[in-house]
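Fold and geometry: a report
Listed here are the chains, written in short residue letters.
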Amino acid sequence: MGMTALALTGALLMLLGIVALCGLLLGYFAQKYKIEGDPLVEKIDAILPQTQCGQCGFPGCKPYAQAIAKGEADINQCPPGGQEGVEKLAELLGVEPKPLNADNGAETPPQVAFIIEDWCIGCTKCIKACPVDAILGSNQKMHTIISDECTGCRLCVDPCPVNCIIMKPRDQKWNWDKPQDPNHPT
């Protein structure tokens, strides 16, 4: 019995050592190859237009993507993404596309905010409302839009107390509206 008990104890210790080594290796590889976030949420979020406008009923594109991935929101709630966005989401998720939900707003072409600088009083309300920091200016100074950063969400329009912010189609070229001086031909 002495030799068998010793062999059994040795085998048991070896088995425990192998289990401990496997546990350490699993822990190491779990950390090394860990995936941050939900890959499905990331794919959905990549399809969304990143306007952060809230028209979908969520505070931004990422929360909307999370709700879609959990099955808590439908794929047709994003007016800036339009019908094309709905179809891309349907294809990704393997579901039938639906028409854009009119309760969330109508599809519009991409827009950009524009500040009529002569009217701006420098109140900074638009800066506070902008979810992507696309407005440049300071208190009591004229503001301007960084058009390449503007997502066209319209969240800056309503807070403006002097209505100096308008939305323009993104692809529209700037028109200086210079008056023509008959004495100075151009």
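Bear in mind that the values here come from a model prediction, so they are computed numbers and not experimental data.

1. Some remarks on the overall build of the protein chain
Within the protein chain, the secondary structure is distributed over five helices and four strands. For the protein chain, the N- to C-terminal ordering of α and β elements is α-α-α-α-β-α-β-β-β. The long-range share in the protein chain, meaning contacts at least 24 apart out of those at least 6 apart in sequence, stands at 52%. As displayed, the protein chain has an accessible area near 12900 Å², and 59% of this comes from carbon and sulfur atoms.

2. Considering the confidence of the model for the protein chain
On average, residues of the protein chain carry a pLDDT of 85, and 89% of them reach 70 or more. Per-residue pLDDT, averaged within each element of the protein chain, yields its smallest value for helix α1 (residues 2-32) (80) and its largest for helix α3 (residues 61-70) (94). Note on residues 174-186: pLDDT is under 50 here. Beyond four places in sequence and across chains, it has three contacts.

3. Remarks on unusual backbone geometry
Here the phi dihedral of Q52 falls at roughly 55°; this positive angle occurs in a residue that is not glycine. Phi at N163 takes a positive value of approximately 55°, unusual for a residue other than glycine. Within the secondary structure, N163 sits in the loop between β3 (144-145) and β4 (165-169). Note on N163: relative accessible area 56%, which makes it exposed.

4. Considering the environment of C153
Relative to the elements of secondary structure, C153 occurs in the loop between β3 and β4. Take C153: its relative accessible area is 10%, and that puts it in the buried class. Spatially, the C-alpha atoms of C153 and P80 are 8.3 Å apart, while their sequence positions differ by 73 residues.

5. Focus on the UniProt feature "binding site: [4Fe-4S] cluster 3" (unreviewed entry) in the protein chain
Here the UniProt-annotated "binding site: [4Fe-4S] cluster 3" (unreviewed entry) positions come out as C130, C150, C153 and C156. The greatest C-alpha distance among the annotated residues, which extend across 27 residues, is 10.4 Å, indicating that they converge on a single site. If you trace the backbone, C130 turns up in the loop between α5 (125-129) and β2 (135-136). You can see C150 is positioned in the loop between β3 and β4.

6. Structural notes on the pairing of strand β1 (residues 111-115)
Extensive coverage of β1 is indicated by the burial of four of its five residues. Bridge count between β1 and β4: five bridges; the pairing is antiparallel. If you follow F114 over to β4, its bridge partner there is I166.

7. As for the UniProt feature "binding site: [4Fe-4S] cluster 2" (unreviewed entry) in the protein chain
In this numbering, the UniProt entry assigns the feature "binding site: [4Fe-4S] cluster 2" (unreviewed entry) to C120, C123, C126 and C160. Taken along the chain, the residues just named run across 41 residues; in space they keep tight, none of their C-alpha pairs more than 10.4 Å apart. Under the relative-accessibility criterion, C120 is labelled buried at 15%. In this structure C120 touches I115, K141, M142, H143 and C164, once residues within four positions along its chain are discounted.

8. Points about the packing of helix α2 (residues 39-47) against helix α4 (residues 82-93)
It is at 9 Å that the axes of α2 and α4 come closest, and there the two elements cross at 160°. In terms of orientation, α2 lies roughly antiparallel with respect to α4. Crossing handedness for the pair α2 and α4: right-handed. Side by side, α2 and α4 meet where L40, K43, I44 and I47 of the first sit next to G85, K88, L89, L92 and L93 of the second. Of the residues in the contact of α2 with α4, the class split is six nonpolar, one polar and two charged.

9. Side note on the packing of aromatic side chains
Across all of its chains, the model carries one aromatic pair by this definition. The aromatic ring of F114 is capped on one face by K168, whose charged end is 4.3 Å from the ring centroid.

The rules behind the values
- Residues numbered from 1 in each chain as written.
- Predicted model: local features only at pLDDT ≥ 70, side-chain atom pairs only at ≥ 80, totals over all residues.
- Heavy atoms only, no water.
- Helix = DSSP H or I, 4+ residues; strand = E, 2+ residues; numbered from the N terminus.
- Contact = heavy atoms within 4.5 Å.
- Areas by Shrake-Rupley, 256 points an atom, 1.4 Å probe, with all protein chains shown as cover.
- pLDDT = per-residue confidence, 0-100.
- Buried < 20%, exposed > 50% of the residue type's maximum accessible area, 1.4 Å probe, protein only.
- UniProt positions renumbered as here; feature names shortened; annotations may be inferred.
- Pairing = 2+ DSSP bridges.
- Axes fitted to C-alpha atoms, helices over the stretch in contact; angles between N-to-C directions.
- Parallel < 35°, antiparallel > 145°, perpendicular 65-115°, else oblique.
- Left-handed = near helix turned anticlockwise from the far one by under 90°.
- Nonpolar A, V, L, I, M, F, W, Y, C, P; charged D, E, K, R; others polar.
- Phe/Tyr/Trp six-rings, centres within 6.5 Å; stacked < 30°, edge-to-face > 60°.
- Lys NZ or Arg CZ within 6 Å of the ring centre and 35° of its normal.

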